[in-house]
Amino acid sequence: AIRYNQRMSTNENTLLLHSCCAPCTTAPLDALLSTGEQVDLFFYNPNIQPLEEYQRRLDALRAFLNAGPQQVVLHTGSYDEALWEKEVACWGGPYPLINGASDYAAFKEARKQRCTACYKLRFKALAAFAAAQGYRQLDTTLTISPYQFLPEIQETLEECASRHGLTVRRSDWSRYYPESTRCSRALGLYRQNYCGCRFSYQEAELERQARRSARKKDNQVS
């Protein structure tokens, strides 16, 4: 664990917030701390590939914490790519979501199943760590992203937390997305252009290509 501006408190009274990346953590963490909430972070994201990308995102989170007055403890889980491959990669991909495509609905459902398996892997580790360290309440920054599946995030987090007798804040951070974008850019934080896994990298690129093709077609028509 790395301590930033260490404060005196017990884990029992502290919210353990799963952090998926620095940009998505900025606004939720500030919002929580502004109300007097005691918050610690848990960075466990073995979905992020390759390892260099994982390290870059973790470094960005540390830079964000070092730059501000946040009084938190940053815990990091192990980087276990093999476990992610075993538990999540079996759901396959890529499943690019391209508007108007005949496979859009099927791909969305397939991606949702894979992402839910990924949420479960990370939240199981979050809940187990929280229970071992005496935390009683959990939350995640993942709900801030418009590219994630909100109901599945909340349901999976509650499922994993309940196995350890923990409670969940069930926060919907989506309204903070524009603010997190502005904040991370103002701070010069690294902003990734895909969720994290090797499938999402391919999907993001295919979706960008489709948008470029659509814009080019529209320009030719006009």
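Okay, so let's go over this structure.

Definitions and limits used
- Residues numbered from 1 in each chain as written.
- Predicted model: local features only at pLDDT ≥ 70, side-chain atom pairs only at ≥ 80, totals over all residues.
- Heavy atoms only, no water.
- Phe/Tyr/Trp six-rings, centres within 6.5 Å; stacked < 30°, edge-to-face > 60°.
- Helix = DSSP H or I, 4+ residues; strand = E, 2+ residues; numbered from the N terminus.
- Buried < 20%, exposed > 50% of the residue type's maximum accessible area, 1.4 Å probe, protein only.
- Expected span 1.5 Å × (residues − 1).
- Salt bridge = Lys/Arg side-chain N within 4 Å of Asp/Glu carboxyl O.
- Right-handed = clockwise from strand over helix to strand, strands pointing away.
- Pairing = 2+ DSSP bridges.
- 1 Å grid on protein atoms, 1.4 Å probe; cavity = no way out; pocket = protein on both sides within 12 Å on 5 of 7 lines; lining within 4 Å.
- Points joined across faces, edges and corners; volume = space filled by probe spheres on them.
- Nonpolar A, V, L, I, M, F, W, Y, C, P; charged D, E, K, R; others polar.
- Axes fitted to C-alpha atoms, helices over the stretch in contact; angles between N-to-C directions.
- Parallel < 35°, antiparallel > 145°, perpendicular 65-115°, else oblique.
- Left-handed = near helix turned anticlockwise from the far one by under 90°.
- Contact = heavy atoms within 4.5 Å.

Here we look at the packing of aromatic side chains
Move 1: Throughout the structure, instances matching the rule amount to nine aromatic pairs.
Move 2: With centroids separated by 5.5 Å and ring planes inclined at 55°, the aromatic side chains of F43 and Y54 adopt a geometry described as tilted. Of this pair, F43 sits in strand β3 (residues 39–43) while Y54 sits in helix α2 (residues 51–67), placing them eleven residues apart in sequence. In this structure, F43 and Y54 share a single accessibility class: buried.
Move 3: Taken together, a centroid distance of 6.3 Å and an interplanar angle of 40° make the contact between W84 and F199 tilted. Pair noted here: W84 is in helix α3 (residues 81–87) and F199 is in helix α7 (residues 198–221), with a separation of 115 residues, a long-range link. A single burial state applies to W84 and to F199, both of which are buried.

A look at helix α4 (residues 104–133)
Move 1: With 30 residues, α4 should cover 44 Å at 1.5 Å per step; its first-to-last C-alpha distance of 42 Å lies within 8% of that length.
Move 2: Directly beyond the C-terminal end of α4, a positive phi value near 90° is found at G134.

Re the pattern of salt bridges
Move 1: In this structure the tally under the stated criterion is twelve salt bridges.
Move 2: Close ionic contact of E203 with R111 constitutes a salt bridge, the shortest N to O distance being 3.2 Å. With E203 in helix α7 and R111 in helix α4, this residue pair connects regions lying 92 residues apart in the sequence. There is no split in this pair, since E203 and R111 are both buried.
Move 3: A single network of salt bridges, built from pairs that share partners, joins R111, R114, E203 and E207.

Some details on the pairing of β3
Move 1: Taking burial as the measure, the five residues of β3 include five buried ones, the bulk of the element.
Move 2: Neither face of β3 is left uncovered, since the one carrying V39, L41 and F43 and the one carrying D40 and F42 both have all their residues buried.
Move 3: Remark: the strand β2 (residues 15–18)/helix α1 (residues 22–34)/β3 crossover connection has right-handed handedness.
Move 4: Summarising the sheet, β3 and strand β4 (residues 72–76) pair through three bridges and their orientation is parallel. Paired with L41 across the strands is L74, a residue of β4.

A closer look at the layout of surface pockets
Gaps left between atoms are located by rolling a probe of water-molecule size over the structure's atoms.
Move 1: Put simply, the largest pocket is a space of about 1,200 Å³.
Move 2: Taken together, 45 residues form the lining of the largest pocket, with S145, Y147, N193, Y194 and C195 sitting closest to its centre.
Move 3: Elements that contribute at least two residues to the lining of the largest pocket include exactly α1, α4, α6 (177–186) and α7.
Move 4: Broken down by element, the lining of the largest pocket gets its largest block of residues, eight residues, from α4.
Move 5: Here the residues of the lining of the largest pocket are counted per class, giving 23 nonpolar, eleven polar and eleven charged.

Some points on the packing of α1 against α2
Move 1: Contact geometry for α1 and α2: axes closest at 9 Å, N-to-C directions at 30°. Taken together, the axis directions place α1 and α2 in an arrangement best described as roughly parallel. Considering the relative orientation of α1 and α2, their crossing is right-handed. Residues A22, T25, T26, L29 and D30 of α1 lie in contact with α2, whose contacting residues are A60, L61, F64 and L65.
Move 2: Across the contact of α1 with α2, the residue classes tally to six nonpolar, two polar and one charged.

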